[in-house]
Amino acid sequence: MTVSIVRFGGSNCDRDAKRALGHLGIDAEIVWHGDGLPAETSGVVLPGGFSYGDYLRAGAMAARSPIMAEVREVAADGVPVLGVCNGAQIGCESGLTEGAFTTNESARFQCEHVYLRVERDDTPWTAAYDEGDVIEIPIAHGEGRYELDDDRLAELEDGNRVLFRYCDEDGSVTDDANPNGSKHDVAGVLGERDTVAVLMPHPERATLPDVGPTDGQGVLRGFEA
Amino acid sequence: MTAYTATVTVRLKHGVLDPEAETTKQALERLGFELEGLRSADRFEVDLEADSADGARERASEMAERLLANPTIHDYDVEVDER
(Lines give C-alpha, C1' and ligand atoms only; values in the text may rest on other atoms or scores of the structure.)
Protein backbone atom coordinates (compact mmCIF):
# COMPACT_ATOMS: atom_id res chain seq x y z
CA MET A 1 0.00 0.00 0.00
CA THR A 2 2.05 2.89 -1.31
CA VAL A 3 1.00 6.24 -2.66
CA SER A 4 2.86 7.07 -5.87
CA ILE A 5 3.91 10.70 -6.22
CA VAL A 6 4.47 11.17 -9.94
CA ARG A 7 7.54 13.26 -10.71
CA PHE A 8 7.73 14.92 -14.12
CA GLY A 9 10.61 17.02 -15.36
CA GLY A 10 9.96 20.31 -13.55
CA SER A 11 7.87 18.94 -10.66
CA ASN A 12 9.01 20.64 -7.48
CA CYS A 13 6.50 19.75 -4.76
CA ASP A 14 7.09 16.02 -4.98
CA ARG A 15 9.40 15.89 -1.97
CA ASP A 16 7.11 18.18 0.05
CA ALA A 17 4.24 15.80 -0.65
CA LYS A 18 6.29 12.78 0.42
CA ARG A 19 7.33 14.44 3.64
CA ALA A 20 3.81 15.64 4.42
CA LEU A 21 2.32 12.20 3.77
CA GLY A 22 5.10 10.63 5.84
CA HIS A 23 4.24 12.95 8.72
CA LEU A 24 0.72 11.52 8.64
CA GLY A 25 2.05 7.97 8.58
CA ILE A 26 1.04 7.43 4.96
CA ASP A 27 3.58 5.44 2.97
CA ALA A 28 4.53 7.22 -0.24
CA GLU A 29 7.26 7.10 -2.83
CA ILE A 30 8.30 9.36 -5.66
CA VAL A 31 7.87 7.72 -9.06
CA TRP A 32 9.59 9.00 -12.20
CA HIS A 33 6.91 9.37 -14.85
CA GLY A 34 8.96 7.46 -17.42
CA ASP A 35 9.04 4.38 -15.17
CA GLY A 36 5.26 4.05 -15.06
CA LEU A 37 3.07 3.38 -12.02
CA PRO A 38 4.26 0.59 -9.70
CA ALA A 39 1.83 -2.34 -9.46
CA GLU A 40 1.30 -1.78 -5.72
CA THR A 41 0.12 1.83 -6.19
CA SER A 42 -2.63 2.52 -3.66
CA GLY A 43 -2.98 6.20 -4.49
CA VAL A 44 -1.56 8.84 -6.82
CA VAL A 45 -0.36 12.38 -6.14
CA LEU A 46 0.17 14.68 -9.10
CA PRO A 47 2.41 17.21 -7.37
CA GLY A 48 2.92 20.91 -7.94
CA GLY A 49 5.70 22.49 -9.92
CA PHE A 50 6.31 23.57 -13.47
CA SER A 51 6.28 20.35 -15.46
CA TYR A 52 7.89 20.86 -18.86
CA GLY A 53 8.39 24.52 -18.05
CA ASP A 54 4.65 25.15 -18.50
CA TYR A 55 5.30 24.95 -22.25
CA LEU A 56 2.20 25.44 -24.39
CA ARG A 57 -0.07 25.62 -21.31
CA ALA A 58 0.53 24.69 -17.68
CA GLY A 59 0.14 20.92 -17.43
CA ALA A 60 -0.41 20.37 -21.16
CA MET A 61 2.68 18.28 -21.80
CA ALA A 62 2.56 16.17 -18.63
CA ALA A 63 -1.14 15.46 -19.22
CA ARG A 64 -0.24 13.71 -22.46
CA SER A 65 2.66 11.66 -21.14
CA PRO A 66 2.12 7.87 -21.15
CA ILE A 67 1.91 7.56 -17.37
CA MET A 68 -1.26 9.64 -17.39
CA ALA A 69 -3.06 6.90 -19.30
CA GLU A 70 -2.16 4.60 -16.39
CA VAL A 71 -3.32 7.22 -13.88
CA ARG A 72 -6.68 7.53 -15.66
CA GLU A 73 -7.00 3.75 -15.61
CA VAL A 74 -6.38 3.36 -11.88
CA ALA A 75 -8.56 6.40 -11.18
CA ALA A 76 -11.42 4.70 -13.01
CA ASP A 77 -10.85 1.66 -10.77
CA GLY A 78 -11.31 3.80 -7.67
CA VAL A 79 -7.68 4.38 -6.68
CA PRO A 80 -7.55 7.83 -5.03
CA VAL A 81 -5.88 10.50 -7.17
CA LEU A 82 -5.05 14.00 -5.90
CA GLY A 83 -3.74 16.77 -8.15
CA VAL A 84 -2.22 19.80 -6.44
CA CYS A 85 -1.42 23.07 -8.23
CA ASN A 86 0.47 22.01 -11.38
CA GLY A 87 -1.01 18.58 -10.65
CA ALA A 88 -4.47 20.17 -10.77
CA GLN A 89 -3.64 21.74 -14.12
CA ILE A 90 -2.44 18.34 -15.33
CA GLY A 91 -5.63 16.72 -14.01
CA CYS A 92 -7.83 19.11 -15.97
CA GLU A 93 -5.68 18.93 -19.10
CA SER A 94 -5.84 15.14 -19.01
CA GLY A 95 -9.60 14.99 -18.57
CA LEU A 96 -9.51 13.54 -15.04
CA THR A 97 -11.50 16.59 -13.97
CA GLU A 98 -13.62 19.19 -15.74
CA GLY A 99 -12.52 22.71 -16.54
CA ALA A 100 -9.20 24.47 -16.97
CA PHE A 101 -6.87 26.42 -14.71
CA THR A 102 -5.57 29.39 -16.64
CA THR A 103 -3.90 32.78 -16.19
CA ASN A 104 -4.78 34.59 -12.95
CA GLU A 105 -7.01 37.62 -13.37
CA SER A 106 -4.10 39.69 -12.00
CA ALA A 107 -1.78 38.25 -14.68
CA ARG A 108 0.70 37.78 -11.81
CA PHE A 109 2.16 34.86 -9.94
CA GLN A 110 0.51 34.87 -6.52
CA CYS A 111 2.02 33.30 -3.43
CA GLU A 112 -0.15 33.81 -0.36
CA HIS A 113 -2.31 32.13 2.26
CA VAL A 114 -5.97 31.85 1.36
CA TYR A 115 -9.11 30.54 3.02
CA LEU A 116 -11.19 27.76 1.52
CA ARG A 117 -14.74 26.79 2.29
CA VAL A 118 -15.34 23.05 2.39
CA GLU A 119 -18.26 22.38 0.05
CA ARG A 120 -18.60 18.64 0.69
CA ASP A 121 -17.68 16.63 3.78
CA ASP A 122 -18.58 13.21 2.41
CA THR A 123 -15.51 12.67 0.23
CA PRO A 124 -12.23 11.01 1.25
CA TRP A 125 -10.49 14.39 0.88
CA THR A 126 -12.81 16.24 3.22
CA ALA A 127 -13.97 13.59 5.69
CA ALA A 128 -11.85 15.32 8.36
CA TYR A 129 -13.90 18.51 7.99
CA ASP A 130 -17.54 19.52 8.16
CA GLU A 131 -19.33 21.13 5.26
CA GLY A 132 -18.90 24.89 5.57
CA ASP A 133 -15.64 24.63 7.51
CA VAL A 134 -13.04 27.26 6.65
CA ILE A 135 -9.47 26.06 6.20
CA GLU A 136 -6.30 28.08 5.64
CA ILE A 137 -3.98 26.78 2.92
CA PRO A 138 -1.36 28.55 0.78
CA ILE A 139 -1.53 29.10 -2.96
CA ALA A 140 1.46 29.65 -5.26
CA HIS A 141 0.47 29.94 -8.90
CA GLY A 142 0.26 32.15 -11.94
CA GLU A 143 -2.36 30.06 -13.68
CA GLY A 144 -5.02 29.11 -11.19
CA ARG A 145 -8.13 30.84 -12.49
CA TYR A 146 -10.78 28.18 -12.89
CA GLU A 147 -12.54 28.45 -16.22
CA LEU A 148 -15.47 26.47 -17.59
CA ASP A 149 -18.41 27.53 -19.74
CA ASP A 150 -21.59 28.45 -17.89
CA ASP A 151 -23.60 25.38 -18.88
CA ARG A 152 -20.93 22.88 -17.89
CA LEU A 153 -20.20 24.77 -14.68
CA ALA A 154 -23.89 24.58 -13.80
CA GLU A 155 -23.80 20.84 -14.43
CA LEU A 156 -20.69 20.52 -12.27
CA GLU A 157 -22.36 22.42 -9.45
CA ASP A 158 -25.64 20.52 -9.80
CA GLY A 159 -23.64 17.30 -9.57
CA ASN A 160 -21.92 18.55 -6.37
CA ARG A 161 -18.47 18.26 -7.92
CA VAL A 162 -17.12 21.48 -6.40
CA LEU A 163 -14.98 20.52 -3.39
CA PHE A 164 -13.54 23.87 -2.25
CA ARG A 165 -14.30 27.54 -2.89
CA TYR A 166 -12.18 30.55 -2.00
CA CYS A 167 -13.72 32.50 0.88
CA ASP A 168 -12.83 35.00 3.56
CA GLU A 169 -11.85 34.09 7.13
CA ASP A 170 -15.52 33.86 8.11
CA GLY A 171 -16.45 31.58 5.24
CA SER A 172 -18.15 34.19 3.06
CA VAL A 173 -17.54 33.61 -0.63
CA THR A 174 -16.89 37.10 -2.00
CA ASP A 175 -15.07 38.62 -4.96
CA ASP A 176 -12.52 40.10 -2.57
CA ALA A 177 -11.68 36.66 -1.19
CA ASN A 178 -11.16 35.19 -4.64
CA PRO A 179 -7.42 35.50 -5.27
CA ASN A 180 -7.29 34.69 -8.98
CA GLY A 181 -10.66 35.41 -10.59
CA SER A 182 -11.75 31.76 -10.61
CA LYS A 183 -15.26 31.35 -11.95
CA HIS A 184 -17.74 30.90 -9.09
CA ASP A 185 -14.72 31.00 -6.73
CA VAL A 186 -13.85 27.40 -7.48
CA ALA A 187 -10.56 26.32 -5.87
CA GLY A 188 -10.90 22.56 -6.24
CA VAL A 189 -13.16 20.05 -7.96
CA LEU A 190 -13.90 16.35 -7.95
CA GLY A 191 -13.59 14.08 -10.94
CA GLU A 192 -16.20 11.60 -12.06
CA ARG A 193 -15.62 9.68 -8.84
CA ASP A 194 -15.24 11.24 -5.40
CA THR A 195 -11.85 9.54 -5.14
CA VAL A 196 -10.42 11.93 -7.76
CA ALA A 197 -9.82 15.53 -6.75
CA VAL A 198 -7.74 18.49 -7.90
CA LEU A 199 -7.11 21.81 -6.19
CA MET A 200 -4.82 24.77 -6.75
CA PRO A 201 -3.95 25.40 -3.05
CA HIS A 202 -1.20 23.29 -1.49
CA PRO A 203 -2.39 21.03 1.37
CA GLU A 204 1.11 19.54 1.65
CA ARG A 205 2.40 23.00 2.58
CA ALA A 206 -0.11 23.19 5.40
CA THR A 207 0.59 19.86 7.03
CA LEU A 208 3.87 20.01 8.97
CA PRO A 209 3.35 21.83 12.30
CA ASP A 210 6.78 23.50 12.14
CA VAL A 211 5.93 25.50 9.01
CA GLY A 212 2.61 27.03 9.97
CA PRO A 213 -1.06 26.08 9.80
CA THR A 214 -1.86 22.39 9.47
CA ASP A 215 -5.33 22.65 7.95
CA GLY A 216 -4.18 20.74 4.86
CA GLN A 217 -3.74 17.48 6.75
CA GLY A 218 -7.35 16.50 6.24
CA VAL A 219 -7.00 16.60 2.46
CA LEU A 220 -3.98 14.29 2.49
CA ARG A 221 -5.80 11.92 4.84
CA GLY A 222 -7.91 11.08 1.82
CA PHE A 223 -5.25 8.48 1.12
CA GLU A 224 -6.00 6.72 4.42
CA ALA A 225 -9.57 5.93 3.44
CA MET B 1 2.23 13.16 -51.46
CA THR B 2 2.41 16.95 -51.44
CA ALA B 3 4.22 19.17 -48.99
CA TYR B 4 1.95 21.50 -47.03
CA THR B 5 2.22 23.99 -44.23
CA ALA B 6 -0.82 23.92 -41.96
CA THR B 7 -1.18 27.05 -39.89
CA VAL B 8 -3.13 26.46 -36.69
CA THR B 9 -4.33 29.56 -34.86
CA VAL B 10 -5.48 29.01 -31.29
CA ARG B 11 -7.37 31.75 -29.48
CA LEU B 12 -9.44 32.06 -26.34
CA LYS B 13 -13.16 31.53 -26.80
CA HIS B 14 -15.23 34.66 -26.88
CA GLY B 15 -15.97 35.77 -23.35
CA VAL B 16 -13.01 34.05 -21.69
CA LEU B 17 -10.97 36.59 -19.74
CA ASP B 18 -7.50 37.26 -21.21
CA PRO B 19 -5.39 38.98 -18.52
CA GLU B 20 -2.23 38.86 -20.64
CA ALA B 21 -3.94 40.69 -23.51
CA GLU B 22 -5.34 43.23 -21.06
CA THR B 23 -1.86 43.81 -19.61
CA THR B 24 -0.44 44.20 -23.12
CA LYS B 25 -3.17 46.67 -24.02
CA GLN B 26 -2.38 48.73 -20.93
CA ALA B 27 1.33 48.72 -21.83
CA LEU B 28 0.53 49.99 -25.32
CA GLU B 29 -1.61 52.73 -23.80
CA ARG B 30 1.27 53.69 -21.50
CA LEU B 31 3.37 54.08 -24.64
CA GLY B 32 0.83 56.61 -25.88
CA PHE B 33 -1.11 54.45 -28.34
CA GLU B 34 -4.85 54.72 -28.58
CA LEU B 35 -6.69 51.43 -29.00
CA GLU B 36 -10.10 50.03 -28.19
CA GLY B 37 -9.22 46.41 -27.63
CA LEU B 38 -6.59 43.76 -28.09
CA ARG B 39 -6.79 39.99 -28.41
CA SER B 40 -3.86 37.63 -28.58
CA ALA B 41 -3.58 34.22 -30.21
CA ASP B 42 -1.04 31.45 -30.61
CA ARG B 43 -0.02 30.44 -34.11
CA PHE B 44 1.56 27.09 -34.98
CA GLU B 45 3.00 26.42 -38.41
CA VAL B 46 3.10 22.68 -39.05
CA ASP B 47 5.03 21.35 -42.04
CA LEU B 48 3.65 18.01 -43.19
CA GLU B 49 3.10 15.84 -46.23
CA ALA B 50 -0.36 14.64 -47.22
CA ASP B 51 -2.31 13.29 -50.18
CA SER B 52 -4.44 16.40 -50.35
CA ALA B 53 -5.02 19.75 -48.69
CA ASP B 54 -8.04 18.22 -46.95
CA GLY B 55 -5.87 15.43 -45.60
CA ALA B 56 -3.38 17.95 -44.26
CA ARG B 57 -6.20 20.00 -42.73
CA GLU B 58 -7.67 16.95 -41.07
CA ARG B 59 -4.39 15.95 -39.47
CA ALA B 60 -3.65 19.49 -38.27
CA SER B 61 -7.17 19.74 -36.84
CA GLU B 62 -6.58 16.56 -34.87
CA MET B 63 -3.33 18.04 -33.54
CA ALA B 64 -5.30 21.08 -32.40
CA GLU B 65 -8.00 18.94 -30.76
CA ARG B 66 -5.57 16.71 -28.94
CA LEU B 67 -2.82 19.10 -27.88
CA LEU B 68 -2.42 22.55 -29.43
CA ALA B 69 -5.76 23.85 -28.15
CA ASN B 70 -7.63 23.16 -24.95
CA PRO B 71 -11.25 22.85 -26.13
CA THR B 72 -12.48 23.99 -22.73
CA ILE B 73 -11.18 27.51 -23.28
CA HIS B 74 -9.99 27.71 -26.90
CA ASP B 75 -11.29 27.94 -30.43
CA TYR B 76 -8.96 27.25 -33.31
CA ASP B 77 -8.81 27.45 -37.07
CA VAL B 78 -6.58 25.77 -39.62
CA GLU B 79 -5.29 27.12 -42.92
CA VAL B 80 -3.39 24.95 -45.36
CA ASP B 81 -0.92 26.09 -48.01
CA GLU B 82 1.27 24.12 -50.37
CA ARG B 83 4.91 24.45 -49.52
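Throughout, residues of each chain are indexed from 1 in the direction in which the sequence is written. Naming scheme: in the order in which they are written, chains are lettered from A and ligands are numbered from 1. Given that the model is predicted, a residue must reach a pLDDT of at least 70 before its local features are reported, and side-chain atom pairs must reach 80 or more before they are shown or counted; all residues, however, enter totals for whole chains, interfaces and linings. Processing note: side-chain calculations cover all non-hydrogen atoms of the structure and skip hydrogens and water entirely.

Undergrad: How would you sum up the pairing of strand E9 (residues 162-167) of chain A? Please name residues and give values.
TA: Residues and elements named next belong to chain A. Only protein chains enter the calculation, and the probe is 1.4 Å; a residue is then buried if its accessible area is under 20% of its type maximum, exposed if over 50%, and partly exposed in between. Only DSSP runs of H or I reaching four residues or more are called helices, and only runs of E reaching two or more are called strands; each is numbered from the N terminus. Judged by how many residues are buried, E9 sits mostly within the fold: six of six residues are covered. Strand pairing is assigned whenever DSSP identifies at least 2 bridges connecting the two strands. Note: strand E6 (residues 110-118) against E9, four bridges, orientation antiparallel. What sits directly across from Leu116, in E9, is Tyr166. Bridge count for E9 against strand E10 (residues 186-190) is three bridges, and the pairing is antiparallel. Note on E10: the bridge partner recorded for Val162 is Val189.

Undergrad: Account for the interface of chain B and chain A, with residues named and values stated.
TA: Any pair of residues with heavy atoms lying within 4.5 Å of one another is described as a contacting pair. Taken together, the contacts link 14 residues of chain B with 16 residues of chain A. Here the quantity called buried area is the accessible surface, traced with a 1.4 Å probe, that two parts lose on coming together, added over both. Taking both sides of the interface into account, the surface hidden between chain B and chain A amounts to around 1,200 Å²; carbon and sulfur atoms contribute 61%. Salt bridge, as applied in this entry: a Lys or Arg side-chain nitrogen positioned within 4 Å of an Asp or Glu carboxyl oxygen. Joining chain B to chain A, the criterion identifies zero salt bridges. Two N or O atoms form a polar contact when they lie within 3.5 Å of each other; inside protein one atom must be a possible hydrogen donor and the other a possible acceptor, and for residues adjacent in sequence the pair counts only when both atoms belong to side chains. Taken together, the links from chain B to chain A amount to five residue pairs in polar contact (both at pLDDT 80 or more). Secondary-structure elements contributing two or more residues to the side of chain B that touches chain A are helix H1 (19-30) and helix H2 (53-68) of chain B. Just so you know the grouping, Ala, Val, Leu, Ile, Met, Phe, Trp, Tyr, Cys and Pro go in nonpolar, Asp, Glu, Lys and Arg go in charged, and all remaining residues, Gly too, go in polar. Here the residues of the side of chain B that touches chain A sort into eight nonpolar, four polar and two charged.

Undergrad: Before we move on, could you go through the nonpolar core and cite the residues and values that matter?
TA: Residues and elements named next belong to chain A. Put simply, a nonpolar core is a bunch of buried Ala, Val, Leu, Ile, Met, Phe, Trp, Tyr and Cys residues held in one set by side-chain atoms that sit within 4.5 Å of each other. Formed by 43 residues in total, the largest nonpolar core has its most connected members in Leu21, Leu82, Leu116, Trp125, Tyr146, Phe164 and Phe223. For Leu82, the residues in contact, after removing those within four places along its chain, are Val44, Val45, Leu46, Trp125, Ala197, Leu199, Val219, Leu220 and Phe223. If you look at the next biggest cluster of nonpolar residues, it comprises 15 residues, including Val6, Phe8, Met68 and Val196.

Undergrad: Any details on the sheet that holds strand E2 (residues 41-50) of chain B? Residues and values, ideally.
TA: Residues and elements named next belong to chain B. Taken in spatial order, the three strands make up an open sheet running E2-E1-E3, and their pairing is antiparallel. Looking at strand neighbours, the two that pair on one side only are E2 and strand E3 (74-82), the edges of this open sheet. The mean inter-strand angle of the sheet, taken between neighbouring strand axes irrespective of direction, is 20 degrees. Examined bridge by bridge, strand E1 (residues 2-12) and E3 share nine bridges and lie antiparallel to one another. The residue bridging Arg11 from the neighbouring strand is Asp75, located in E3. Strands E1, E2 and E3 of the sheet are contacted by H2, whose axis makes an angle of about 150 degrees with E3. In this analysis, axes come from line fits to C-alpha atoms, helices being fitted only over the stretch in contact, and the angle between any two N-to-C directions falls in the range 0 to 180 degrees.

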